[in-house]
Amino acid sequence: MDTLVRAVNAIDWINRWVGRVVAWLTLATVLICGAVVFLRYSAGLGYVWLQELYVWTHAMTFLLAAGFAYLLNAHVRVDIFYAKLGARGKAWIDLFGVIFLLMPWLVLLGWTSWTYVTYSWQTSEISVQSNGMPGMYVLKTALLGFVALVGLQGLAWAGRCILVLNGREPPPSETLTGPLG
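Conventions adopted
- Residues numbered from 1 in each chain as written.
- Predicted model: local features only at pLDDT ≥ 70, side-chain atom pairs only at ≥ 80, totals over all residues.
- Heavy atoms only, no water.
- 1 Å grid on protein atoms, 1.4 Å probe; cavity = no way out; pocket = protein on both sides within 12 Å on 5 of 7 lines; lining within 4 Å.
- Points joined across faces, edges and corners; volume = space filled by probe spheres on them.
- Helix = DSSP H or I, 4+ residues; strand = E, 2+ residues; numbered from the N terminus.
- Nonpolar A, V, L, I, M, F, W, Y, C, P; charged D, E, K, R; others polar.
- Phe/Tyr/Trp six-rings, centres within 6.5 Å; stacked < 30°, edge-to-face > 60°.
- Buried < 20%, exposed > 50% of the residue type's maximum accessible area, 1.4 Å probe, protein only.
- Axes fitted to C-alpha atoms, helices over the stretch in contact; angles between N-to-C directions.
- Parallel < 35°, antiparallel > 145°, perpendicular 65-115°, else oblique.
- Left-handed = near helix turned anticlockwise from the far one by under 90°.
- Contact = heavy atoms within 4.5 Å.

A closer look at the layout of surface pockets
Rolled over the atoms, a probe as big as a water molecule pinpoints where empty space is left.
Turning to step 1, where the next piece is worked out: Reported here for the largest pocket is a volume of approximately 560 Å³.
Turning to step 2, where the next piece is worked out: Residue lining of the largest pocket: 21 residues in total, with Y70, H75, V76, R77 and G97 positioned closest to the centre.
Turning to step 3, where the next piece is worked out: Going through the elements one at a time, α4 (66-71), α5 (87-122) and α6 (136-165) are the ones with two or more residues in the lining of the largest pocket.

This is how it looks when you write it as structure tokens:
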């Protein structure tokens, strides 16, 4: 079980680090969007690549910080019975969700995205807009980053569930409500 605790902590560390780095893309998105508006209305200038850049930074924020949000238990949860359950009941529901809902969906998303992303790299895909962003493959690769980071955090969450079901205290995460609710 100590190996499981170390694995959960390692995955948490990865998503915590990625989440904190990617959070800066939010500031970049705001500044770039502000620059687009300022240039458009004060100087009458418009740059397609600059408009696309803030959409890209916004998309990459959501895709790459999703594992961090999962770590913090900040994802949307449809809660009908969950809140009333004890730690073991929550652990069973979370474990079921990771194994039978999250992981199959991530495998499907990764499988279908792989060809999409590799083709983009092979063709050095650029924006379809005239004077748009080059390197569309970088943005598309963030899909695989999403799959990897959320998948890892799903494994960590399953590990927490297994620890709870075995009567062990899971490693602390940075949630406001604590692990498993």
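Now, onward.
Quick notes on empty space enclosed by the protein
Turning to step 1, where the next piece is worked out: What the rule picks out here adds up to one cavity of 30 Å³ or more.
Turning to step 2, where the next piece is worked out: The calculated volume of the largest cavity comes to roughly 30 Å³.
Turning to step 3, where the next piece is worked out: For the largest cavity, the full set of lining residues is V36, L39, R40, L45, G46, Y47, L50 and Q51.
Turning to step 4, where the next piece is worked out: Put simply, the parts of the chain that give the lining of the largest cavity at least two residues each are α2 (24-42) and α3 (48-64).
Turning to step 5, where the next piece is worked out: Residue contributions to the lining of the largest cavity peak at three residues, all from α2.
Turning to step 6, where the next piece is worked out: Among the residues forming the lining of the largest cavity, the class breakdown is five nonpolar, two polar and one charged.

Topic: the packing of aromatic side chains
Turning to step 1, where the next piece is worked out: For the structure on display, the rule yields five aromatic pairs.
Turning to step 2, where the next piece is worked out: On the numbers, 5.9 Å between centres and 90° between planes, the contact of W105 with F146 is edge-to-face. Highlighted residues: W105 in helix α5 and F146 in helix α6, separated in sequence by 41 residues.
Turning to step 3, where the next piece is worked out: Of the residues examined, F146 reaches a relative accessible area of 13% and is grouped as buried.

Considerations on the packing of α2 against α3
Turning to step 1, where the next piece is worked out: Here α2 crosses α3 at 160°, and the two axes come no closer than 9 Å. Here α2 is positioned roughly antiparallel relative to α3, judged by the angle of their axes. In terms of crossing hand, the pair formed by α2 and α3 is left-handed. Facing L25, T26, T29, I32, C33, V36, L39 and R40 of α2, the residues of α3 in contact are L50, Q51, L53, Y54, T57, H58, M60 and T61.
Turning to step 2, where the next piece is worked out: Its residues assigned to classes, the contact of α2 with α3 comprises nine nonpolar, six polar and one charged.

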